[in-house]
Amino acid sequence: MALAEGAPATPAPAAIPTLSDVLNASNISVTGYVDLGYTHLNSTGLFTNAGPTRVFDAPNASAGHDFNSFNLNQAAVTVAMQPKEGFGGLVNLTAGQDAQVIASAGEGATPFPYSGHYFDITQAYLSYATGPLTIIGGKFVTLAGAEVIASPSDTNYSRSILFGYAIPFTHTGVRATYAVNDTLSLLAGINNGWDQVSDLNKDKTVELGFIATPVKMFSLAGTFYGGKELTTAPFAGGVNGTRNLYDLVATINATDQLAFVLNYDYATQENATLPSGGKGKAKWDGLAAYANYQFNDQWRISLRGEYFNDTDGFRTGIAQKWKEGTFTVAYMPTKHVELRAEVRKDKSDKPAFLTTAGTGKDSQTSAGLEAIYKF
């Protein structure tokens, strides 16, 4: 009995580390989501010049989304290691029907409106941080706009007009961010241009920006892009012209539940190929306004109204003034799942929307359902 009581205890077997344990110990994060949707549209989804009327909605199954059917919008994963000091990196991969729209020139595909393939290296860059300065080099998303490519970060199901027709999606180059203090950051960079992995004209685009949060309830972000771009959309032909874009996004957190966002864009393109076939200076500008109300942890609503003036028809192919209004209701049964229902109406001052009869009309309406799983 004495020998038994004095015998050393058998050690418990060591716990086998999980993949999550290994990643956490390495300061590597892995996140992602799956986005499924259904959209009913009372028109063809095309303008009368055969261009798409929605950013992520191609007009038929062969080109991408098929209206009045279920669609795999996006399946995305992001792997990142971004320490506060030293080297790091990020890789963001996107698959699904939206991938063909955001694909950059030089990735084995033609860019917007659709590339015909359903996989995209949306971001892939190295980073270096030291004190208040962070530098990234590679491919990364644009600074411009209130909305983003990643579905869970937007408040509506459908993307805004400005997201698709006023601004770029991604850039390939170098970007530096300098945190002046807790309320102001400055950004500067140089890249190949709008949505180009391979530089199509060998001219570079400059980006400048700032993010200011003078008080907790208000923030303002400003961005400028300037450089020579090819002027025959989408990225065809050999004529260059200077393209300038000015983008402002203001966010007002009125209460813990109520927030407002305003996004304004103004851009010009020299030597633009106009719908008439001639060359000239093209202009486009637009304003988007959002009101978002969070009832509780599960329910919220979002209203969006916007106006886009394609003065010379360079962006849509039709010189038009285009408006839209969107109402979205969202429900989160768990922290990983979000369900959205949406109604939207678009109206143009021209009979720009193509009907199934082959004629044009000045408006279209849609209803959509979306399910997002986040991990």
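Just above sits the structure.
No experiment lies behind these values; they were computed from the predicted model shown.

On to the side chain of Asn 92, then. In this structure, Asn 92 sits in strand S3 (residues 86-95). Separated by 3.2 Å, the side chains of Asn 92 and Thr 78 make a polar contact. If we skip the residues at most four places from it in the chain, Asn 92 touches Ala 76, Val 77, Thr 78, Asp 120, Ile 121, Thr 122 and Gln 123.

Turning our eyes to something else, we now look at the nonpolar core. With 25 residues, the main nonpolar core has Phe 47, Tyr 165, Ala 166, Leu 245, Trp 284, Phe 308 and Trp 322 as its most contacted residues. Val 101, Ile 149, Phe 163 and Phe 169 belong to the second-largest nonpolar core, a separate cluster that totals seven residues.

Looking now at unusual backbone geometry. Although it is not a glycine, Ala 50 adopts a positive phi angle of roughly 80°. Structurally, the position occupied by Ala 50 is in the loop between strand S1 (29-41) and strand S2 (70-81). Exposure remark for Ala 50: the relative accessible area of 48% places this residue in the partly exposed category.

Moving on: the pairing of strand S11 (residues 258-273). Where S11 lies against strand S12 (residues 279-294), 14 bridges are found, and the strand directions are antiparallel. Bridging from a neighbouring strand, Thr 268 pairs with Lys 283 of S12. From the end of S11 to the start of S12, which pair antiparallel, there are five residues, and Gly 277 there has a positive phi angle of about 100°.

With that settled, the discussion passes to the side chain of Thr 328. When you line up the elements, Thr 328 lands in strand S14 (residues 320-334). Polar side-chain contacts of Thr 328 include one of 2.9 Å to the side chain of Asn 156.

Side chains that differ in sign of charge can pair as their charged atoms come close. This structure, assessed with the given rule, holds 15 salt bridges. Between Arg 175 and Glu 207 there is a salt bridge, and its shortest N-O distance comes to 2.6 Å. On the criterion of sequence distance, the pair formed by Arg 175 in strand S6 (residues 170-179) and Glu 207 in strand S8 (residues 205-215) is long-range, its members being 32 residues apart. Here Glu 207 falls in the buried class, since its relative accessible area comes to 1%. A salt bridge links Arg 300 to Glu 338; the shortest N-O distance between them is 2.8 Å.

The geometry of an aromatic ring pair comes down to the distance between the two centres and the angle between the two planes. Following the criterion strictly, the structure yields 15 aromatic pairs and no others. One aromatic cluster in this structure is built from Phe 47, Tyr 165, Trp 322 and Phe 353. Looking at Arg 243, its charged tip hangs above the ring of Trp 194, at a distance of 4.6 Å from the centre. The lysine or arginine in question, Arg 315, covers the ring of Trp 284, its NZ or CZ lying 5.1 Å from the ring centre.

Attention now goes to empty space enclosed by the protein. Counted by the stated rule, this structure contains two cavities of 30 Å³ or more. Here the largest cavity is characterised by a volume of approximately 170 Å³. Considering the residues around the largest cavity, the lining is formed by 19 residues, among which Phe 56, Asp 57, Tyr 157, Ser 158 and Arg 159 are closest to the centre. Where the lining of the largest cavity is concerned, the elements lending two or more residues are S1, strand S15 (337-348) and strand S18 (363-374). The dominant element in the lining of the largest cavity, judged by the number of residues it contributes, is S18, at four residues. By residue class, the composition of the lining of the largest cavity is five nonpolar, six polar and eight charged. Reported here for the second largest cavity is a volume of approximately 40 Å³. Among the elements of the structure, helix H4 (161-165) and S11 are those that each provide at least two residues to the lining of the second largest cavity.

The rules behind these values
- Residues numbered from 1 in each chain as written.
- Predicted model: local features only at pLDDT ≥ 70, side-chain atom pairs only at ≥ 80, totals over all residues.
- Heavy atoms only, no water.
- Helix = DSSP H or I, 4+ residues; strand = E, 2+ residues; numbered from the N terminus.
- Polar contact = N/O pair within 3.5 Å; in protein donor to acceptor, adjacent residues only side chain to side chain.
- Contact = heavy atoms within 4.5 Å.
- Core = buried A, V, L, I, M, F, W, Y, C linked by side-chain atoms within 4.5 Å.
- Buried < 20%, exposed > 50% of the residue type's maximum accessible area, 1.4 Å probe, protein only.
- Pairing = 2+ DSSP bridges.
- Salt bridge = Lys/Arg side-chain N within 4 Å of Asp/Glu carboxyl O.
- Phe/Tyr/Trp six-rings, centres within 6.5 Å; stacked < 30°, edge-to-face > 60°.
- Lys NZ or Arg CZ within 6 Å of the ring centre and 35° of its normal.
- 1 Å grid on protein atoms, 1.4 Å probe; cavity = no way out; pocket = protein on both sides within 12 Å on 5 of 7 lines; lining within 4 Å.
- Points joined across faces, edges and corners; volume = space filled by probe spheres on them.
- Nonpolar A, V, L, I, M, F, W, Y, C, P; charged D, E, K, R; others polar.

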